[in-house]
Amino acid sequence: MSKRARRNRTAAPTGSAGARCTVTVCRGCCCGTTAKVPHLDHETQLIDLRRALSDVAMVRRTDCLDACERANVIVIQPSPEGRNAGGRPVWLGQVNDPDAATDITTWVKNGGPGLAEPPDVLDLYTFQPSRRVRAELHDK
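The structure displayed is predicted, hence computed values, not measured ones.

Scoring rules and cut-offs
All residue numbers refer to positions counted from 1 along the written sequence of the respective chain. Residue-level local features of this predicted model are given only where pLDDT is at least 70; pairs of side-chain atoms are given and counted only at 80 or more, and the full residue set underlies all totals for whole chains, interfaces and linings. Heavy atoms from the whole structure form the basis of all side-chain values; hydrogens and water molecules are not counted. Working definition: a ring pair exists when centres of Phe, Tyr or Trp rings (six-membered ring for Trp) sit within 6.5 Å. Plane angles under 30 degrees give stacked, over 60 give edge-to-face, the rest tilted. Runs of H or I in DSSP of at least four residues are treated as helices and runs of E of at least two as strands, each being numbered from the N terminus. Burial classes follow relative accessibility: with a 1.4 Å probe on protein chains only, a residue under 20% of its type's maximum area counts as buried, one over 50% as exposed, and anything between as partly exposed. Working definition of a nonpolar core: buried Ala, Val, Leu, Ile, Met, Phe, Trp, Tyr and Cys residues. They are joined through side-chain atoms within 4.5 Å. Strand pairing follows a simple DSSP-based rule, namely that at least 2 bridges must link the two strands. Between two residues, a contact is recorded if the distance between any of their heavy atoms is within 4.5 Å. Lines are fitted to the C-alpha atoms to define the axes, a helix being fitted only along its stretch in contact, and any angle between axes, read from their N-to-C directions, falls within 0 to 180 degrees.

Novice: Any chance you could explain the packing of aromatic side chains here in plain terms?
Specialist: Any two aromatic rings considered together are summarised by their centre-to-centre distance and by the angle between their planes. Here the structure, examined in full by the defined rule, presents one aromatic pair. Centroid distance Trp 91 to Phe 127: 5.9 Å. Interplanar angle 75 degrees. Geometry classified as edge-to-face. Pair noted here: Trp 91 is in strand E4 (residues 90–92) and Phe 127 is in strand E5 (residues 126–127), with a separation of 36 residues, a long-range link. Take Trp 91 and Phe 127: they sit in the same class, and that class is buried.

See the structure below:
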């Protein structure tokens, strides 16, 4: 995050629909299946994210983000304020640990992309999908 973005930070989202991050959780052919990731309760992960973020983010389920080799994939899209502060969508792969979901929740509650620095541990999950895949998510 730039120094200018840090100086111009706004408060964390207050819950109004226009000021919220969007958390997109892949639950398609690979993500969210016990065949691909057998040790995780996928439905509970989604329910927990929705419950924990209900007042600060929109959590949506999508069929496939076309990054199956990185199951489970979660994309954090910045709020409008976060976008104005320089935040861009952050793609996280292999989110198969309850602690990772907790780190994501904490970050989003603090403002998410552009407004708060992500916990360092999320660097282990971050990846860049192809432009085509990013464009498809933006169009949804």
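Novice: Where do I start with the nonpolar core in this structure?
Specialist: One recurring pattern in soluble globular proteins is that nonpolar side chains are buried together. Core analysis: the biggest nonpolar cluster contains 22 residues, and Val 23, Leu 53, Ile 74, Ile 76, Leu 92, Ile 104 and Val 108 have the highest contact counts within it. Per-element accounting of this core gives the leading share, five residues, to helix H4 (residues 98–109). Counting 14 residues, the second largest nonpolar core, distinct from the first, contains Cys 31, Ala 71, Val 75 and Phe 127.

Novice: For this particular structure, what's the right way to read the environment of Glu 43?
Specialist: Among the structural elements, Glu 43 can be located in helix H2 (residues 42–53). Owing to a relative accessible area of 36%, Glu 43 belongs among the partly exposed residues under this scheme. Separated by eleven residues in sequence, Glu 43 and Gly 32 have C-alpha atoms that sit 7.4 Å apart.

Novice: Would you take a moment to explain the sheet that holds E5 for this structure?
Specialist: Each strand in a sheet pairs with another by means of backbone hydrogen bonds, the pair being arranged parallel or else antiparallel. One open sheet holds the five strands; their spatial order is E2-E1-E3-E4-E5, and the pairing between them is mixed. Since the sheet does not close on itself, it has two edges, and those belong to strand E2 (57–62) and E5, each with one partner. Summarising the sheet, strand E1 (residues 21–26) and strand E3 (residues 74–77) pair through four bridges and their orientation is antiparallel. Bridge pairing in E3 links Thr 24 to Val 75. Across the sheet, H2 lies against E1, E2 and E3, angled at about 160 degrees from E2, the strand it touches most. Packed onto the sheet, H4 meets E1, E2, E3 and E4 and runs at close to 10 degrees relative to E3.

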